Each structure stands twice: as C-alpha cells, then as structure tokens.
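A structural walkthrough
Chain by chain, the residues:
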Amino acid sequence: MSLNEKIQSISEAFLKDKNDFNSGLITFEELKNKYLSRKGLLSELYPLLNDIPDSDKPVFGKKINSVKNEISYEINQLIDDENSSSDSSFSIDSTMPGLDKLSGSIHPLTKIIEEIKSIFSRIGFSTIYGPEVDTDYYNFEALNIPKDHPARDMQDTFYIDKETLLRTHTSSSQIHFMEKNQPPIRVISPGRVYRNEDISVRSYCLFHQIEGLYIDKNVKFSDLKGTLDYFAKNLFGENVKTRFRPSYFPFTEPSAEMDVSCIFCNGKGCNICKYSGWLEILGCGMVDPEVFKFVNYDSDLWSGFAFGVGIERIAMLKYGVKDIRMFYSGDVQFLKQFKL
Ligand code: DAH
C-alpha cells in the first residue's frame, strides 16, 4: 500500500470508527488511543516518510499533518459534545421545584368594574361608554351645573381650553346617551374621571366611576332604592343593609347618598367606618327635570333615577387596600395578588 493509500485508508477508518463511537460501539478512550496515542495509527505514518523520495517529503508531510489535525479536531469535538450533553443531563435535578411561568393578572379596578357590570346586566342594564375628553356643556351645563358652581373651579377641573376638559365624573355619559336614545333606558357607564386634587393616600388625580341611568314611565324613588339595595347585596353580601341619606347634586332632585352597613364590623362600629357602623358608597337621586330639558325629554312622560359609584373606594373596601396610589403604581407584587 502506498503512503497515499495508507493516509486515505486511515481517514476512511476514522469515519467508520466515529460512527461506531456515536452508536456506543466503542469508547472515547478506544477511539482516541487508536488514532492519537504515541502508538496510534497517525503516529505510524511519520516513519513511512523515510521510505519516499526527498522531493515528495514536504507534500506528504503536510498531508499527514492535515489528516492528523482534522482527526484530532474531530475527536476534541466529540469530547466537547459529550461534556455538554453530560453537563445538561447533570443540571436536571428532578427534585427541584419547576420554574413558574409568569402569568398576568386582572387589575383590581378592572375586576370590580367587571363585577358591577355583571350585577347590573342581570337586571337588564347594558354598558355604554362616554368620552374622557369632553366639553363644559356635557360635563357641567347639561347636568344643570350652573356657571358659578364650585365644581367648575379651575382648581378641581383639568381644562384643556376654555370649552374642553377632562371629565370630572361619568355623569356626562348620561347626556351623550340621552341625546342619541329615547327612553326606556337602563344603562351603566364605567370609565376614568379626572380631578385636579392633591395626591394622597385617599385621592389621586384620576380615578374611576360607574354611572347608572334608569328612565321609564312612573319610575319612583322606591325603584331607585330597590335597585341599589340589590346592587349592594350582590357586591358585598346578602347580610349588608343599606340606608339613604338626603344629599344634593344639581342633576338629581331629590338626591341622596347610599351607605352600606360596615362590611368589616357588620355595623357594630370599627375604625374603618369611624365607629358609625356605615360606609358611604354612592351618590344617587331622581333625574332632575331640568336635565331632561337639555335632551328634549318630556318630563311629564318620563322619570328616572341616576347614580354614581366610585370604583377605587369599592376596591379599597373589598380588597382591604389602604392607599389609593397602589392602583396606579404598576407594582407587580401588589398586582399579582389579583389572579383570576
Ligand atoms: N357625579 C357625582 C360625583 O362625581 C356622582 C353622582 C351623584 C352621580 C348622584 C349621579 C348621581 O348620577 O345621581 O360625585
């Protein structure tokens, strides 16, 4: 066999042995010894250089070197692969707890809004939305809030220009809806509202409300009471009692505020209800006929009630959140408590 043929046959033998190694027929040590040891097949080639003419020596010398480099490179690769695969099998510790996938959660305010929507949908209320950027007319004027009313104060309202503002309450949705629809009406309208208030534990420059509007023939204050009592019991539990205190809103007459018996002490009195046994939940009243004038409803034919609930307040009570700013902090530790 010529030197050339010998080199060729070693290359071919190596390919076969590599396959055998991969199939587990020979060990790494066997493979390495066969080719790379001092008595290995490659070492045996060098003495053969003595048998060829001097002029051929450089060419064959190079050939032998390159086959040797190639084979030792491949053998090193095999051991690298071997190490990395044994590394990864080593790193699997089946007794370790698995890594949890981070999953999102529902924002507590969204949860409350969804819950309230569902409570009202069961008694025929549908959900509508009004614009957050609105005009003085919808936010104040058409709700019978006169020009000199303190609620229009620049201190409280974010004005964009003289006419345009960020709505300060969701009551403005009532006007938008009544302009476009005729009674009977049963709607709620959730959304963000904005007020230029000092940020503190209890107030933030934006918050959420749900507005409710019910208009039909012969709607009475007892309908309002029955509906809102149903709402309170579904939100806080069957044992909750409600009471209505006279109040004032320009767009309702008469107006009231609804309290629920304290959900923490069952009305006995605690520091959360300031020892009164009651928690204030919402404002409400019979829609003032003045408001109907703005939307061209005949107040001899139609009557109705409206209410406005603050969502943050409900969420703080239901989830025991002490600081309103938590809802806007984006704090994952806080938010992940509200899994579905
Ligand atoms: N818009 C009132 C507020 O922001 C809440 C309110 C009170 C809404 C009475 C009503 C209502 O619809 O009848 O404080």
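**Regarding the sheet that holds strand 4 (residues 185-194)**
The seven strands lie next to each other as 1-4-5-9-8-7-6, forming an open sheet whose pairing is mixed. Across the chains shown, the open sheet's two edge strands, defined by having one partner strand only, are strand 1 (126-127) and strand 6 (242-249). With eight bridges connecting them, strand 7 (residues 252-261) and strand 8 (residues 278-287) associate as antiparallel partners. Bridge pairing in strand 8 places methionine 258 opposite leucine 282. Running at roughly 170° to strand 4, helix 5 (residues 108-121) makes contact with strand 1, strand 4, strand 5 (206-216) and strand 9 (303-310) of the sheet. Against the sheet, helix 8 (residues 221-236) contacts strand 6, strand 7, strand 8 and strand 9, and its axis sits at roughly 145° relative to strand 8.

**Thoughts on a negative patch on the surface**
A contiguous patch of negative charge, built from Asp153, Asp156, Glu197 and Asp198, is present on the exposed surface. Here aspartate 198 is to be found in the loop between strand 4 and strand 5.

**Description of the site of the ligand**
Of all residues adjacent to the ligand, which total 15 residues, the nearest are His169, Ser171, Arg195, Gln209 and Glu211. Within the side chain of arginine 195, a nitrogen or oxygen atom sits 2.9 Å from an oxygen atom of the ligand. Backbone polar atom of alanine 306 to an oxygen atom of the ligand: 3.1 Å apart, as the coordinates give it. A total of 350 Å² of accessible area belongs to the ligand in isolation, and the protein chains cover 88% of it. The set of elements that each furnish at least two residues to the shell around the ligand consists of helix 7 (171-180), strand 5, strand 8 and strand 9. A breakdown of the residues in the shell around the ligand according to their chemical character gives five nonpolar, eight polar and two charged.

**Comments concerning unusual backbone geometry**
Working note: non-glycine residues mostly have negative phi, and peptide bonds are mostly trans. A cis geometry characterises the amide bond from proline 183 onward to proline 184, with omega recorded as 0°. Turning to its location among the elements, proline 184 is positioned in the loop between helix 7 and strand 4. Here glutamate 253 and proline 254 are connected by a cis peptide whose omega angle stands at -5°. In this structure, proline 254 sits in strand 7. Here the phi dihedral of asparagine 144 falls at roughly 65°; this positive angle occurs in a residue that is not glycine.

**Considering helix 10 (residues 311-319)**
The set of residues buried in helix 10 consists of Ile311, Glu312, Ile314, Ala315, Met316 and Leu317. Considering only its buried residues, helix 10 is in contact with helix 5, strand 5, helix 8, strand 8 and strand 9. Glycine 320 lies just past helix 10 and shows a positive phi near 65°.

**A few points about the pattern of salt bridges**
Taken as a whole and judged by the stated rule, the model has 14 salt bridges. When the shortest N-O distance is used, the salt bridge between arginine 245 and glutamate 280 registers 3.8 Å. With arginine 245 in strand 6 and glutamate 280 in strand 8, this pair connects stretches of sequence that are 35 residues apart. Residue glutamate 290 is joined to lysine 293 by a salt bridge in which the shortest nitrogen-to-oxygen separation is 2.9 Å. Of this pair, glutamate 290 and lysine 293 both sit in helix 9 (residues 289-294), three residues apart, which is roughly one turn of that helix. A residue is classified by how much of its surface remains accessible, and glutamate 290, at 31% relative accessible area, is partly exposed. The class of lysine 293 is exposed, set by a relative accessible area of 56%.

Calculation criteria
- Residues numbered from 1 in each chain as written.
- Predicted model: local features only at pLDDT ≥ 70, side-chain atom pairs only at ≥ 80, totals over all residues.
- Heavy atoms only, no water.
- Pairing = 2+ DSSP bridges.
- Helix = DSSP H or I, 4+ residues; strand = E, 2+ residues; numbered from the N terminus.
- Contact = heavy atoms within 4.5 Å.
- Axes fitted to C-alpha atoms, helices over the stretch in contact; angles between N-to-C directions.
- Patch = residues over 30% accessible without salt bridge, like charges linked within 9 Å, V, L, I, M, F, W, Y side chains within 5 Å.
- Areas by Shrake-Rupley, 256 points an atom, 1.4 Å probe, with all protein chains shown as cover.
- Salt bridge = Lys/Arg side-chain N within 4 Å of Asp/Glu carboxyl O.
- Lys, Arg positive; Asp, Glu negative; His and termini not counted.
- Charge placed at Lys NZ, Arg CZ, Asp CG, Glu CD.
- Near = heavy atom within 4 Å.
- Polar contact = N/O pair within 3.5 Å; in protein donor to acceptor, adjacent residues only side chain to side chain.
- Nonpolar A, V, L, I, M, F, W, Y, C, P; charged D, E, K, R; others polar.
- Buried < 20%, exposed > 50% of the residue type's maximum accessible area, 1.4 Å probe, protein only.

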